[in-house]
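Listed here are the chains, written in short residue letters.
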Amino acid sequence: MIAPTAIPRFARGMRLREDAARARWVVVGPERLFVPDEIALEILRLLDGSRSVDAIVDDLAARFDAPREAIAADVTTLLDDLLAKGVVTA
Amino acid sequence: MNLPPPPPPLGLLAELTHRCPLRCPYCSNPVELSRASAELDAETWGRVFREAAALGVLQLHLSGGEPAARRDLPEIVAHAARAGLYSNLITSGVLLDTARLKALAAAGLDHVQLSVQDAEEGSADRIGGLRGGHVRKLAFAEAVQAADLPLTLNAVVHRQNLDRLPALIDLALHLGAGRLEVAHVQYYGWALRNRDALLPSRAQLEAATETVTAAREALRGRLVIDYVVPDYYARRPKACMGGWGRSFIAVSPAGRALPCHAAESLPGFDFPNVRDASLAEIWAHSEAFQRYRGTSWMPEPCRACDHRERDWGGCRCQAFALTGDAANTDPACALSPHHHLLDLAVRDAAIAGADFTYREMPRIPSEA
């Protein structure tokens, strides 16, 4: 499980970009395409190579009306999955 | 017939040239190769990339032949970057030194996919038909690392190298690849001519599947391994290209737009050319892209099958290569009346030799 102090970033070759033709955002990589849901997109937008997992959770908790633990669980689950898929590194 | 407009394509394969210093006996280029004089120029590729991006394409694969056989490759990559496409260079690595690679990175290249023919030098050079090729590939992979570009290692596997799959996985790690594509040979074109020398045995295949399963678990988070069971041992066909004319366009060196890079060898088609029509027009209206799109063209057993919108009837090129009719169900499907042809091929290959018919350019220049 990703540590709260870890600093997640997109793996080399992975990019978050707008897919204007389909009115959505996607993560593109070599032979890969991920379509994040709304919550995942909010998390992915905060991967800037300097924010830690904790800082991402703080940011989301300040903006959304949800318990911090619930947000932390969502963030950790998503990042663990993307780490395993090679989309994110930490 | 007025069909609703198709969803936009996601991927574009730009085959920049058929020229290549390698002579792999399973090359996916058509048996009739195009000459350099027939190739689209960089400006035209730029227009095609802009049309593709406007249409909804996100990913661009720059392939060949060997794309680096073109001196204007940096210009082509720059066009892709300006169009906003994610560019993936599919290369043998033998024509690119550090300086040329840096020029491509500066032009905006996003990703490099390097092919290797084997993990063992002597065998790799024999399969690729180029002495010294493997060593040059290893040096190229180091240059990719030095240029800080992400790397995928692509290993086409078959009877003559599948036993070294563990070594290929080690090689991918050693070369710093984030992803390894283990691709079984697809048997049409050149590969069909060499099928007897390439088809693996079931025992080899089972060992390979076990190797991949174990490696994926052990290397989780370090190396992504893409691996698909080959058609000749499958019970259901693959959704070739995600379905004909559903998500993918290939453009040949001479500008022909194809629903699949191998489709050029199908008879009875007049494939549209990007010199004459826009990609949007080709995608929505050309007869070639509509012919096997969706499900209405399907014969039995596809027509009534629950899988028809999952596998889209499989591969048209394989159906043609094995049954003589591209509109038949892919014989890779166990429900196909031609499925036994695959078992016969496996039996023939089990007692065949290892000699190849290498890919060669035509000796007499052809028109395209």
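Residues numbered from 1 in each chain as written. Chains lettered and ligands numbered in written order. Predicted model: local features only at pLDDT ≥ 70, side-chain atom pairs only at ≥ 80, totals over all residues. Heavy atoms only, no water.

Chain B has the name PqqA peptide cyclase in an unreviewed UniProt entry, where Muricoccus roseus is given as its organism. As recorded by UniProt, the Subunit (unreviewed entry) comment attached to chain B reads in full: "Interacts with PqqD. The interaction is necessary for activity of PqqE." Turning to chain B, the UniProt record has this under Pathway (unreviewed entry): "Cofactor biosynthesis; pyrroloquinoline quinone biosynthesis." (UniProt positions renumbered as here; feature names shortened; annotations may be inferred.)

With an unreviewed UniProt entry as reference, chain A is termed Pyrroloquinoline quinone biosynthesis protein D, source organism Muricoccus roseus. Check the Subunit (unreviewed entry) section of the UniProt entry for chain A; it says "Monomer. Interacts with PqqE." Comment text from UniProt for chain A, heading Pathway (unreviewed entry), reads "Cofactor biosynthesis; pyrroloquinoline quinone biosynthesis."

1. Remarks on the UniProt feature "binding site: [4Fe-4S] cluster" (unreviewed entry) in chain B
Residues and elements named next belong to chain B. In this structure's numbering, the residues bearing the UniProt feature "binding site: [4Fe-4S] cluster" (unreviewed entry) are Cys 20, Cys 24 and Cys 27. Here Cys 20 is to be found in the loop between strand 1 (11-15) and helix 1 (42-55). If you trace the backbone, Cys 27 turns up in the loop between strand 1 and helix 1. When sequence neighbours within four positions are dropped, the list of residues in contact with Cys 27 reads Trp 190 and Arg 359. (Helix = DSSP H or I, 4+ residues; strand = E, 2+ residues; numbered from the N terminus. Contact = heavy atoms within 4.5 Å.)

2. Let's talk about unusual backbone geometry
Between Gly 64 of chain B and the following residue, Gly 65 of chain B, the backbone shows a cis peptide bond with an omega angle of 10°. Topologically, Gly 65 of chain B is positioned in the loop between strand 2 (59-63) and helix 2 (73-83). Put simply, Glu 300 of chain B and Pro 301 of chain B share a cis peptide bond, and its omega is 5°. Its location among the elements puts Pro 301 of chain B in the loop between helix 11 (287-290) and helix 12 (308-311). Here the phi dihedral of Glu 31 of chain A falls at roughly 55°; this positive angle occurs in a residue that is not glycine. Residue Glu 31 of chain A is classed as partly exposed on the basis of its relative accessible area, which comes to 40%. Here Met 241 of chain B, not a glycine, exhibits a phi torsion of approximately 55°, which is positive. (Buried < 20%, exposed > 50% of the residue type's maximum accessible area, 1.4 Å probe, protein only.)

3. Concerning the interface of chain B and chain A
Contacts between the two partners involve 27 residues from chain B and, on the opposite side, 19 residues from chain A. Across the interface of chain B and chain A, roughly 1,700 Å² is buried in total on both sides, 50% from carbon and sulfur atoms. A per-residue breakdown of the area chain B buries against chain A is headed by Leu 58, Gln 59 and Tyr 86 of chain B, which together make up 32% of the total. Across the salt bridge formed by Arg 15 of chain A and Asp 110 of chain B, the nearest N and O atoms sit 2.5 Å from each other. At the boundary of chain B with chain A, the tally comes to 11 residue pairs in polar contact (both at pLDDT 80 or more). In terms of residue class, the side of chain B that touches chain A is made up of 10 nonpolar, 11 polar and 6 charged. (Buried area = accessible area lost by both parts, 1.4 Å probe. Salt bridge = Lys/Arg side-chain N within 4 Å of Asp/Glu carboxyl O. Polar contact = N/O pair within 3.5 Å; in protein donor to acceptor, adjacent residues only side chain to side chain. Nonpolar A, V, L, I, M, F, W, Y, C, P; charged D, E, K, R; others polar.)

4. A closer look at the nonpolar core
The tendency in soluble globular proteins is for nonpolar side chains to be buried as a group. Of all hydrophobic cores here, the largest spans 87 residues; its most connected members are Leu 12, Trp 45, Phe 49, Leu 62, Leu 153 and Ile 249 of chain B. If near-sequence neighbours (up to four positions away) are discounted, Trp 45 of chain B is found in contact with Ala 14, Glu 15, Leu 16, Leu 40, Arg 70, Ile 76, Val 251 and Ser 252 of chain B. Within the second largest apolar cluster, 23 residues are counted, among which are Ile 2, Phe 34, Val 57 and Ile 71 of chain A. (Core = buried A, V, L, I, M, F, W, Y, C linked by side-chain atoms within 4.5 Å.)

5. A word on the UniProt feature "domain: Radical SAM core" (unreviewed entry) in chain B
UniProt records the feature "domain: Radical SAM core" (unreviewed entry) for residues 6-222 of chain B in the present numbering. Summarising residues 6-222 of chain B: 42% helix, 16% strand, and an end-to-end C-alpha distance of 38 Å.

6. Things to note about the pattern of salt bridges
Evaluation of the coordinates by the stated rule reveals 23 salt bridges over all chains. One salt-bridge network, in which partners are shared between bridges, spans Glu 42, Asp 48, Arg 51, Asp 59 and Arg 63 of chain A.

7. Thoughts on helix 1 of chain B
Residue and element names in this part refer to chain B. With 14 residues, helix 1 should reach 20 Å at 1.5 Å per residue; the first-to-last C-alpha distance of 20 Å fits that figure. Every buried residue of helix 1 is accounted for by Ala 42, Thr 44, Trp 45, Gly 46, Val 48, Phe 49, Glu 51, Ala 52 and Leu 55. Where helix 1 is buried, its residues contact strand 1, strand 2, helix 2, strand 8 (248-251) and helix 10 (279-285). (Expected span 1.5 Å × (residues − 1).)

8. A look at the state of the cysteines
Any covalent bond linking the sulfur atoms of two cysteines counts as a disulfide. Residues and elements named next belong to chain B. In the structure shown here, the tally under the stated rule is 0 disulfides over all chains. Counting only cysteine sulfurs, Cys 333 is the nearest neighbor of Cys 302, a cysteine outside any disulfide, at a range of 6.6 Å. With a relative accessible area of 8%, Cys 302 lands in the buried category. With no disulfide of its own, Cys 317 lies closest to Cys 260 among cysteine sulfurs, the gap being 4.1 Å. (Disulfide = S-S within 2.5 Å.)

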